[in-house]
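A look at the structure
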Amino acid sequence: MKWKRNTGFGRIEDRRGQSAGGGLGDVLGGGGGGGGIPIPIPGGKAGGGIGTIIAVVVLFLLFSGILGGGGGGIPGLGGLGGGAAEPGGTLNPQSDTDQQIAYIVESIELFWEDQFRASGKDYPETKLVLFERSTQSACGPASSATGPFYCPSDQKVYLDIGFFDELESRFGASGGDFAMAYVISHEYGHHIQTVLGISQRVQELAQQDPNQANDLSVRQELQADCLAGVWAHSAASDLEPGDIEEAVSAAQAVGDDRIQEKTTGRINPEAWTHGSAAQRVQWFTAGYRSGNSDDCDTFGA
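Before going into details, it helps to say that this report is about the structure given with it. Keep in mind that this is a model prediction, so the values were computed, not measured. (Residues numbered from 1 in each chain as written. Predicted model: local features only at pLDDT ≥ 70, side-chain atom pairs only at ≥ 80, totals over all residues. Heavy atoms only, no water.)

This paragraph deals with the layout of surface pockets. Rolling a probe over the atoms, with the probe sized like a water molecule, indicates the empty space that remains. The space that makes up the second largest pocket amounts to roughly 190 Å³. Lining the second largest pocket, in full, are Asn214, Asp215, Val218, Arg219, Leu222, Pro269, Trp272, Gln279, Gln282, Trp283, Thr298 and Ala301. Elements represented by at least two residues in the lining of the second largest pocket include exactly helix H6 (213-234) and helix H9 (277-290). (1 Å grid on protein atoms, 1.4 Å probe; cavity = no way out; pocket = protein on both sides within 12 Å on 5 of 7 lines; lining within 4 Å. Points joined across faces, edges and corners; volume = space filled by probe spheres on them. Helix = DSSP H or I, 4+ residues; strand = E, 2+ residues; numbered from the N terminus.)

So this is what it looks like as structure tokens:
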């Protein structure tokens, strides 16, 4: 991915080198969140508007009672570290990785700001929290075993960069900067779901019918994949050969079936919370090809 230096650092909270202790399994959206924009939103912009996707999803919910999800991290990634972080570590303008992450974050946020503005609404900015080994979120203590996740209670994305090494070495992703972009944009998809009230409604419906919880979680995660694809479409001018393949490889690597097979040797679809490798690729690709969030109605699919 083409990127420029010295952008987006104000959107990142660097906690690397800070110690928080403790650990957490998979974060599945502990806490409230959501409700920032009235539903439905008038004036949704064609080709990626916010209004239509929410109207479609809400109509589906009203007639079927189904919604999904979490906003959580990557399941099955226990054992990626833990304990206190080593001293040191600040956001480094000379680090290519730090610069790439800053550029990706700014690109994502500017895109969603434009989409909200087209609907006559303000986009509530969030921050990407970089940490090592462990930190504290409003959803509780987080560790590198959590994998990247979005906390709806403080509306921040949490990321230990070491996750990407594990994604390659343990789960077979091809790596690359656009694999990183896919993961980050997926988590920002959860931010969109939270500020639009989707995540809160998901949680309420899952509590009403716990038997639906896993299916609903999968649908919400796949919608976040699709929203990541919609952003990727908007960044087409920055893409280089092989970028989308990197994202697809990462999406496959974090499919529930792939993770289950790697960690337990068995595949149990009834325990899925994020979707299979094929489903994750399908929905990311759908968003990327159309660039239209109207096509991200995983709840009606």
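Further remarks concern the pattern of salt bridges. Pairing between side chains becomes possible if they bear opposite charge and their charged atoms approach one another. The full count for this structure, using the stated rule, is 11 salt bridges. Here Arg11 ties to Glu109 by a salt bridge, and the two come within 3.3 Å at their closest N and O atoms. Placement of the pair is Arg11 in the segment before strand E1 (12-14) and Glu109 in helix H2 (residues 96-118), with a sequence separation of 98 residues. According to the relative accessible area criterion, Arg11 is buried, its value standing at 12%. Bridged by salt links that share partners, the residues Arg11, Glu109, Glu113 and Glu125 form one connected network. (Salt bridge = Lys/Arg side-chain N within 4 Å of Asp/Glu carboxyl O. Buried < 20%, exposed > 50% of the residue type's maximum accessible area, 1.4 Å probe, protein only.)

A word on H6. Compared with the 32 Å implied by 1.5 Å per residue over 22 residues, the 32 Å span of H6 between its first and last C-alpha is a close match. Burial analysis of H6 places 17 of its 22 residues in the buried class, the great majority of the element. (Expected span 1.5 Å × (residues − 1).)

At a minimum axis separation of 8 Å, helix H7 (residues 243-253) and H9 run at an interaxial angle of 145°. H9 is crossed by H7, and the crossing has right-handed handedness. Taken together, the residues of H9 that come into contact with H7 (itself represented by Ile244, Ala247, Val248, Ala251 and Gln252) are Ala277, Arg280, Val281, Phe284 and Tyr288. Within the contact of H7 with H9, the residues separate by chemical class into 8 nonpolar, 1 polar and 1 charged. (Axes fitted to C-alpha atoms, helices over the stretch in contact; angles between N-to-C directions. Left-handed = near helix turned anticlockwise from the far one by under 90°. Contact = heavy atoms within 4.5 Å. Nonpolar A, V, L, I, M, F, W, Y, C, P; charged D, E, K, R; others polar.)

Let us look at the packing of aromatic side chains. Applying the stated rule across the entire model yields 7 aromatic pairs. Between Phe111 and Trp112, the aromatic rings sit 4.8 Å apart at their centres with planes inclined by 70°, giving edge-to-face as the arrangement. Taken as a pair, Phe111 and Trp112 share a single burial class, namely buried. Between the aromatic rings of Phe284 and Tyr288, the centroid separation amounts to 6.5 Å while the plane-to-plane angle is 5°, which identifies the pairing as stacked. Here Phe284 pairs with Tyr288, and both are found in helix H9, just 4 residues apart, close to one helical turn. (Phe/Tyr/Trp six-rings, centres within 6.5 Å; stacked < 30°, edge-to-face > 60°.)

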